[in-house]
Amino acid sequence: LIEVLYQHQKSKILIIDDDPDVVEAITLSFGLQWPEAIVLSVQTGKEAQAICQKENPEVVLLDISLPDTDGFEVLKWIRERNDVTVLMISARGEE
C-alpha cells in the first residue's frame, strides 16, 4: 500500500463510510502521515460510484455496511471497472 501511495505524490484516497467519526479519524491520520495526499470521502455506494468515475483514486477504504447498499456490491462494481487498491473496513464490533 505504501508503495502505491508514494508512487503518486498527490495521490487521491477515497474513504467510503457513513460514520463521520471514522472518516475524520482516517482523514486526520493521512493528513499527519502524508499531507500531500488528497483525501476524499462519501457516505453511500451511489456517491462512491460517481466519485470513482470522476476522480480515479489510487486507494479506496470501503466500509462493509453502507446505508444504501452492501460494501461488497460496491467492491464488485469497482472491480468491474479498474484495479484500484481497496481496503475493506468495518465497525461492526461496536454494535
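Values in this document were obtained by computation on a predicted structure and should not be read as measured data.

(A) Structural view of the overall build of the protein chain. Summing up its helical and strand segments, the protein chain has four helices and four strands in all. Helices and strands in the protein chain line up, N terminus first, as α-β-α-β-α-β-α-β. Buried positions account for 36% of the 95 residues belonging to the protein chain. Across the protein chain, contacts joining residues at least 24 apart in sequence account for 72% of those joining residues at least 6 apart. About 5900 Å² of surface is accessible on the protein chain, with carbon and sulfur atoms providing 51% of the total.

(B) The sheet that holds strand β2 (residues 38–42), seen in detail. On the basis of which strands lie adjacent, the open sheet formed by four strands has the order β2-β1-β3-β4 and parallel pairing. Two strands close off the open sheet at either side, each with one partner strand: β2 and β4 (85–89). Along the sheet, successive strands turn relative to each other by an average axial angle of 20°, direction set aside. Of the pairings in the sheet, the one linking strand β1 (residues 12–16) to β2 comprises five bridges and is parallel in character. Its bridge partner lying in β2, Lys12 is registered against Ile38. Along the sheet, helix α2 (residues 20–33) makes contact with β1, β2, β3 (59–63) and β4, crossing β1 at roughly 160°. Strands β1 and β2 of the sheet are contacted by helix α3 (residues 45–55), whose axis makes an angle of about 150° with β2.

(C) Geometry of the packing of α3 against helix α4 (residues 71–79). Between α3 and α4, the least distance of the axes is 10 Å, while the angle of their chain directions is 20°. Judged by the inter-axis angle, α3 sits roughly parallel to α4. In this structure, the crossing between α3 and α4 has a hand that is right-handed. The residues of α4 that touch α3, namely those facing Gly45, Ala48, Gln49, Cys52 and Gln53, are Val74, Trp77 and Ile78. Tallied by class, the residues present in the contact of α3 with α4 amount to five nonpolar, three polar and no charged.

About the cut-offs
Residues numbered from 1 in each chain as written. Predicted model: local features only at pLDDT ≥ 70, side-chain atom pairs only at ≥ 80, totals over all residues. Heavy atoms only, no water. Helix = DSSP H or I, 4+ residues; strand = E, 2+ residues; numbered from the N terminus. Buried < 20%, exposed > 50% of the residue type's maximum accessible area, 1.4 Å probe, protein only. Contact = heavy atoms within 4.5 Å. Areas by Shrake-Rupley, 256 points an atom, 1.4 Å probe, with all protein chains shown as cover. Pairing = 2+ DSSP bridges. Axes fitted to C-alpha atoms, helices over the stretch in contact; angles between N-to-C directions. Parallel < 35°, antiparallel > 145°, perpendicular 65-115°, else oblique. Left-handed = near helix turned anticlockwise from the far one by under 90°. Nonpolar A, V, L, I, M, F, W, Y, C, P; charged D, E, K, R; others polar.

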